[in-house]
Structure formats: C-alpha cells, structure tokens
Amino acid sequence: MKNRRFKKALITWKKDPSKFPENEWIRDIVVNYGELKDKTFYGDTWTVLVRITKQINGTWDTYADVAFIVDEAPWQLLESGYSFNIWSGKNIAVVTII
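All values derive from a computational prediction rather than experimental measurement.

Caption draft 1: How the structure looks around the side chain of Arg-51. The residue Arg-51 is located in strand β3 (residues 40-55) in this model. Reaching out from Arg-51, the side chain makes a polar contact with the side chain of Asp-65 at a distance of 2.7 Å. When residues no more than four places from it in sequence are discounted, the contact partners of Arg-51 are Phe-6, Asn-23, Glu-24, Trp-25, Tyr-63, Ala-64 and Asp-65.

Caption draft 2: Looking closely at the environment of Lys-90. Tracing the sequence through the fold places Lys-90 in the loop between β5 (83-87) and β6 (91-97). Overall, Lys-90 belongs to the exposed group, its relative accessible area being 53%. Along the chain, Lys-90 and Ile-29 lie 61 residues apart, while their C-alpha atoms are 9.9 Å from each other.

Caption draft 3: Local environment of the pattern of salt bridges. Inspection of the entire model under this criterion finds three salt bridges. For Asp-65, the salt bridge is made with Lys-8, and the minimal N-O distance between the two is 3.0 Å. Taken together, the residues Asp-65 in strand β4 (residues 62-68) and Lys-8 in strand β1 (residues 7-13) connect sequence positions 57 residues apart. Given a relative accessible area of 2%, Asp-65 falls into the buried group. Here Lys-8 falls in the partly exposed class, since its relative accessible area comes to 45%. A single salt-bridge network, built from bridges that share partners, covers Lys-8, Arg-51 and Asp-65.

Rules of the game
- Residues numbered from 1 in each chain as written.
- Predicted model: local features only at pLDDT ≥ 70, side-chain atom pairs only at ≥ 80, totals over all residues.
- Heavy atoms only, no water.
- Helix = DSSP H or I, 4+ residues; strand = E, 2+ residues; numbered from the N terminus.
- Polar contact = N/O pair within 3.5 Å; in protein donor to acceptor, adjacent residues only side chain to side chain.
- Contact = heavy atoms within 4.5 Å.
- Buried < 20%, exposed > 50% of the residue type's maximum accessible area, 1.4 Å probe, protein only.
- Salt bridge = Lys/Arg side-chain N within 4 Å of Asp/Glu carboxyl O.

What follows is the structure, given as structure tokens:
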C-alpha cells in the first residue's frame, strides 16, 4: 500500500466512525456511480480504500486518505471539492476531496 496514490478528504459520517481504526486502510467500502430504480442499481460500483487520519473533535467528521483499488476506476473525479457517498451495507458517509 505504500506506493498507492491517494487523495486527501473530509468525511462526514452518518454513524459513529470510532469503530474504524485510524491510519489503517479500510477495504470493505464502495462508491456507487449510477442510480437505484425499483431496488435495482444501474451504473458502476468501485471499491474505495479509506484511511482515517484524524478525528475532528466534537463531531463524527474525520480527515482521511481515499484511493481506488484499480487504475480503471474514475480517478479523474477525485479533484478538490468533489463529493461522493460511500457505502458499506448502506450509505454511511459523504466524502469530500480537499
């Protein structure tokens, strides 16, 4: 993982992130690019690695590094200001690239 490129991000969690380790890559999170219609998802899904680097005091928000696992993923979208939802069984957070 040392050579993996990543982007800095602010994550606004919908649940308490304290169960996730700090400074370790979390591997079971995905980002969905598409839409849900009649309980069926249409679009692409990419696994995204998340490494929480710092908890923001008094909130569930954290600073983190984010990276896709494969080069074919839409890396070009990961520019400052871009936001996306991450999913682990349900939408769990909003990631904003900083």
